[in-house]
Amino acid sequence: MNKKTVRIGLSTISLLMATCVFAADGAMPALDRAMFTGALTEARSMPRLHSLLVSHNGKLVVEEYFNGLSRSRIANVKSVSKSIMSALIGIAIEQGHIEGLDQPISDYYGDRIGNDPTGFKQRITVGNLLSMQAGLETTSFYNFGAWVLSDDWVEFALNQPVEALPGSRMLYSTGNTHLLSGILTMATGQSTLEFARESLAGPMGFHLNTWTQDPNGVYFGGNNMEMTPRQMMAFGEMYLNNGEANGRQVIPTEWVETSLQPKVRSRRDSTRQYGYGWWIRDMAGVPTMYAWGFGGQFILLAEDLDMVVV
C-alpha cells in the first residue's frame, strides 16, 4: 500500500473518530451503522481495503468487507504482531517466567552478545526491547532484507552496532521483538506459538494460526502473525476491557495500563509516541492507542469513546 493509500486510510479513521466524538457530545443517544455513511463511502473507494470494523460499548456497530473479501479471510497483520508479542511478554511476567521489564537480556543472551567494548549491550532490558529503545541499529527498513536472509536472526540482531544508549531514544526495529520471541521461548520452555495459543488465543476463544519461523525455529517475533478481522477486534476489545475476555483476566490490568502509556516519541513523526508495542497519538482530537502493521493493518483503541476500530 502506497503512502497516499495509507493517508486515505488514516483520514477514514479520523472521520470515524469525529463521528463518534459528535455522538459522545450528546447529539445522538448511541452509535449505529447509519452514522458511518460518509466513512463507509470513502472506505469503498479504496481499492486495497479489505475490511472495516467498529465496536462501541462492546457492540459491533460496523462490519463491512470490501473487494471480494469476507470475515473468514485470515490476514497477515504484519507489525500488529508487535502488540500481540507485548501481551505475551506481559503474561509471561505475570506467570513468573520472566522477572520483569528491568531484567537484562544478557540473562538470556549473555553468551551470544559479541564483542561490545561499550558495555551498552549488557544494559539492554526487556523493557528496552518492548519500547524500541534497545539502542541497536535497526533490522527494519533498509536492513530488513539482509536480516531475514541471514542464517541466524537472533545473532544478526544482537550483533548490530550500538547507535544509542539503551533507554535513551527510539530506534524502531523488528529485531527487538524477535529477540523477545527468543526470550519467551527460553523462559517458558514452549515455542512462542504454543505459549500464544495456550495463554492468549485459547482464553480469548479463537485459534491462532501458525506463522513464520526463523532458520533456528524461533517464531517471528513482531511480524507475520495471521488473524481474522474479528480476532483483531477481540484483541482490541480485551485491551479496552482492562485485559478481560470471556469472563477471565487474560492479561494483567497493570500490564494493559503500562503498555498503553507513552514511553518514547517517534523520531520520524513527533506527533506519534510509543508504549510497549502500541503507538499513541491524537486522531480527530481523540487520544488513540493503536497496533499498526505494514500495508494499513490497524487495531485502534479510543478509550474516551469506548470504541475499537479494525
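Here, every reference points to the structure presented above.
Quick caveat, the model's predicted, so the values are computed rather than measured.

Another point: the overall build of the protein chain. Secondary structure assignment for the protein chain yields eleven helices and twelve strands. Taken against the 2.2 N^0.38 rule, which gives 19 Å for 310 residues, the C-alpha radius of gyration of the protein chain at 19 Å falls within 12% of a compact globule. Considering only C-alpha atoms, the protein chain reaches an extent of 60 × 40 × 35 Å along its principal axes. The 310 residues of the protein chain split such that 55% are buried. As displayed, the protein chain offers around 13200 Å² of accessible surface, 48% of which is attributable to carbon and sulfur atoms. If the 24 positive side-chain charges of the protein chain are averaged to one point and the 29 negative ones to another, these points end up 10 Å apart.

The biggest cluster of nonpolar side chains holds 66 residues, and the ones touching the most others in it are Leu-200, Phe-235, Tyr-239 and Ile-251. It is helix H3 (residues 80-94) that contributes the most residues to this core, eight residues altogether. Discounting chain neighbours no more than four positions away, the residues touching Ile-251 are Ala-87, Ile-91, Leu-200, Met-238, Tyr-239, Asn-242, Gly-243 and Val-256. Residues Phe-36, Val-61, Val-286 and Leu-305 belong to the second largest nonpolar core, which totals 27 residues.

This next bit is on the pairing of strand E10 (residues 286-293). Across the eight residues of E10, six count as buried, placing the element largely inside the fold. Direction of pairing for strand E9 (residues 279-283) relative to E10: antiparallel, over a ladder of five bridges. In the sheet register, Ile-280 faces E10, and the bridge partner there is Met-289. In textbook terms, the turn of a hairpin is the stretch between consecutive antiparallel strands, and for E9 and E10 this stretch comprises two residues, one of which, Ala-284, has a positive phi near 55°. What sits between E10 and strand E11 (residues 297-302) in their antiparallel hairpin is a turn of three residues, with Gly-295 showing a positive phi close to 90°.

Helical geometry note: an α-helix holds 3.6 residues per turn, so side chains three or four residues apart project in the same direction. The end-to-end C-alpha separation of helix H10 (residues 229-240) is 16 Å, in line with the 16 Å expected for twelve residues at 1.5 Å each. A positive phi of about 60° marks Asn-242, the residue just after H10.

The rules behind each value
Residues numbered from 1 in each chain as written. Predicted model: local features only at pLDDT ≥ 70, side-chain atom pairs only at ≥ 80, totals over all residues. Heavy atoms only, no water. Helix = DSSP H or I, 4+ residues; strand = E, 2+ residues; numbered from the N terminus. Rg over C-alpha atoms; globule rule 2.2 N^0.38 Å. Buried < 20%, exposed > 50% of the residue type's maximum accessible area, 1.4 Å probe, protein only. Areas by Shrake-Rupley, 256 points an atom, 1.4 Å probe, with all protein chains shown as cover. Lys, Arg positive; Asp, Glu negative; His and termini not counted. Charge placed at Lys NZ, Arg CZ, Asp CG, Glu CD. Core = buried A, V, L, I, M, F, W, Y, C linked by side-chain atoms within 4.5 Å. Contact = heavy atoms within 4.5 Å. Pairing = 2+ DSSP bridges. Expected span 1.5 Å × (residues − 1).

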